[in-house]
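Descriptive structure summary
Next come the chains, spelled out residue by residue.
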Amino acid sequence: MGFSKDFFWGGATAANQYEGGVFEGGAGLSTADIMTNGSHGVPRQVPWRKEDGTTGSEPLCFHSDVRHLPEGAIPAYIEDDKYYYPSHIASDFYHHYKEDIRLCAEEGFNCLRFSTKWSRILPNGDDAQPNEEGLAFYEAVVDECLKYGIEPLITLDHYENPLSLSQRFNGWDDRYLVDQFVRYATYLFERLDGKVKYYLTFNEINCIDAAPFVTAGVYNADPQNIANATYHQFLASAKTVLVAHERFPELKIGMMLAFGPVYPYTSDSADQLLARQMEDRTLFYSDVQMTGRYPNYVLADYERQGITLPVQDGDWDIIKAGVCDFLSFSLYGSNCVTTHTDDDIAAGEGNGGTFKTVANPYLKTNAWGWATDPDCQRITLNTLFNRYHCPLWCVESGIGWNDEFVDGTVHDDYRIDYMRANIASMKDAVEIDGIPLMGYLYWGCVDMVSNGEGEMAKRYGQIYVDADNYGQGTMKRSLKDSYHWYKKVIASNGEDLA
Ligand code: BG6
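First, a word on what this report is: a plain description of the structure on this page. (Residues numbered from 1 in each chain as written. Predicted model: local features only at pLDDT ≥ 70, side-chain atom pairs only at ≥ 80, totals over all residues. Heavy atoms only, no water.)

**Focus on the overall build of the protein chain**
Helix and strand counts for the protein chain stand at 14 helices and 19 strands. In terms of overall dimensions, the protein chain is globule-like: its C-alpha atoms have a radius of gyration of 21 Å, near the 23 Å expected for 498 residues. Overall, the protein chain is about 60 × 55 × 50 Å in size when its C-alpha atoms are taken along their principal axes. In the protein chain, which comprises 498 residues, the proportion classed as buried is 61%. For the protein chain, long-range pairs separated by at least 24 residues make up 76% of all intrachain contacts whose partners lie at least 6 apart in sequence. In the structure as shown, the protein chain presents an accessible area of about 18400 Å², 50% of it carried by carbon and sulfur atoms. Each charge sign in the protein chain was given a centre, from 40 positive and 72 negative side chains, and these centres are 4 Å apart. (Helix = DSSP H or I, 4+ residues; strand = E, 2+ residues; numbered from the N terminus. Rg over C-alpha atoms; globule rule 2.2 N^0.38 Å. Buried < 20%, exposed > 50% of the residue type's maximum accessible area, 1.4 Å probe, protein only. Contact = heavy atoms within 4.5 Å. Areas by Shrake-Rupley, 256 points an atom, 1.4 Å probe, with all protein chains shown as cover. Lys, Arg positive; Asp, Glu negative; His and termini not counted. Charge placed at Lys NZ, Arg CZ, Asp CG, Glu CD.)

**Considerations on the sheet that holds strand E3 (residues 55-58)**
The sheet built from three strands is open, its strands ordered E3-E2-E4 with antiparallel pairing. The two strands at the open ends of the sheet, each matched to only one other strand, are E3 and strand E4 (73-75). Neighbour-to-neighbour, the strand axes of the sheet open up by a mean angle of 40°, direction not taken into account. In terms of strand pairing, strand E2 (residues 46-50) meets E3 through four bridges, oriented antiparallel. Looking across to E3, one finds that Arg49 is bridged to Thr55. (Pairing = 2+ DSSP bridges. Axes fitted to C-alpha atoms, helices over the stretch in contact; angles between N-to-C directions.)

**Description of the site of the ligand**
In the vicinity of the ligand there are 15 residues, among which Glu204, Asn451, Gly452, Lys458 and Tyr460 approach most closely. The contact in question runs from an oxygen atom of the ligand to an N or O atom on the side chain of His158, over 2.8 Å. A distance of 3.0 Å separates an oxygen atom of the ligand from a polar side-chain atom of Asn203. Within the complex, the protein chains bury 93% of what would otherwise be the 380 Å² of accessible surface of the ligand. Split into classes, the residues belonging to the shell around the ligand amount to five nonpolar, six polar and four charged. (Near = heavy atom within 4 Å. Polar contact = N/O pair within 3.5 Å; in protein donor to acceptor, adjacent residues only side chain to side chain. Nonpolar A, V, L, I, M, F, W, Y, C, P; charged D, E, K, R; others polar.)

**Side note on the packing of helix H13 (residues 413-431) against helix H14 (residues 481-491)**
Running from N to C, H13 and H14 point in directions that differ by 25°, and their axes come no closer than 8 Å. Considering the angle they form, H13 stands roughly parallel to H14. In this structure, H13 meets H14 at a crossing whose hand is right-handed. On H14, the residues touching Asp413, Arg415, Ile416, Met419, Arg420 and Ile423 of H13 are Asp481, Ser482, Trp485, Tyr486 and Val489. Residue classes in the contact of H13 with H14 are distributed as six nonpolar, one polar and four charged. (Parallel < 35°, antiparallel > 145°, perpendicular 65-115°, else oblique. Left-handed = near helix turned anticlockwise from the far one by under 90°.)

Right, dumping it as structure tokens:
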């Protein structure tokens, strides 16, 4: 009755937060490689340059409402002591991949999610030929996984795009990126044919409103630019699915949604409506990628705002035919919203600040304001399955914490408690509600730089990495208590959660 025999247990990472080696192996820079470090309450910056040589920076990242660079500026890599770029070293997976994959295998993983960096394959995003060293690196990573029976799950676009494409085209605002992305994906499909079965197209595709530069390289982002970029990513995803289905029939391509159930703070019907609208606003993306059509509430909203979609002949057929094979999602917690403005309602940061939310008095929050919710897996799985009736896969869930490293380890009971509640809730959805779930991948299984803040202090891992916020440290890997706990859970296929 529990999790299926072939359930995927493992962890998830992303190149820009983990890989490092940014100037090695012939790679080009990505948009993430010019994002500076920040901290809680201090957004990351994106440096810019104008033709006349003037430079500056703007907080185009998460946790900021800035959506534009100054007139005539483009995002640029600027070498200056005042800027520190965390992706350049990150956790140095580039040089530690063999060790990390071995540790994951010893933990019992049968799946590892990682992202490939587009600009490692095509340094400018649209080069005529792929960079052999980039392809060889990812093939070596995949081979290392397969050596231990670990199924690789590749995210093709995880919060970074070739910087050159962002500079020249305002990122995904321009349709030019669609076919370049498909070429990039196809090079990987060809090279990894017979070795990798599962891919995701765009990580957390619905976070574009919250951070259009981070997700889509769009540095001048009016609502029309965001609608264009979203549409182009949908189209690119659909075309990629079609290439996979036609040329590599054994491949399964998933969409990836940042989800968190939205609760009304009160029983006031206005709060019910608001919660529903906010959840629908997220489900818009899975509606398109899993059913092939835009929901009416989005089209009506676009019309009110005077936004038009950059549709060309035949696009809708492609979007319809290229729906994804499964729905994957990240889930960190839930959100709580209200129309009420009473003084005693505390502000909340919800699921990583994606929405403006209020604190849920029934839940605990961590130091970054993220609420942890023991029931959110079950609620999420029911919501998604009952809407799409497709295979689901939780490919991210985790908790960031300022871990204390003492005597060669971290006693991270708080992480174990979080995981226990999540896995138990997921188990209820599978056992009691009959939801088909493909797997559970813990986010940031090895410590890495946080995306929102660009700092190492917000650690998620079960494997500790000796590096500080500035990449200083030995990079030595050590096992935390949660590593041993998760190993036991995996060995019992989710039965032993003690
Ligand atoms: C998800 C992203 O939103 O959340 C990851 O896909 C990110 O890239 C993770 O790292 C946790 O967020 P943060 O900001 O704490 O790193």
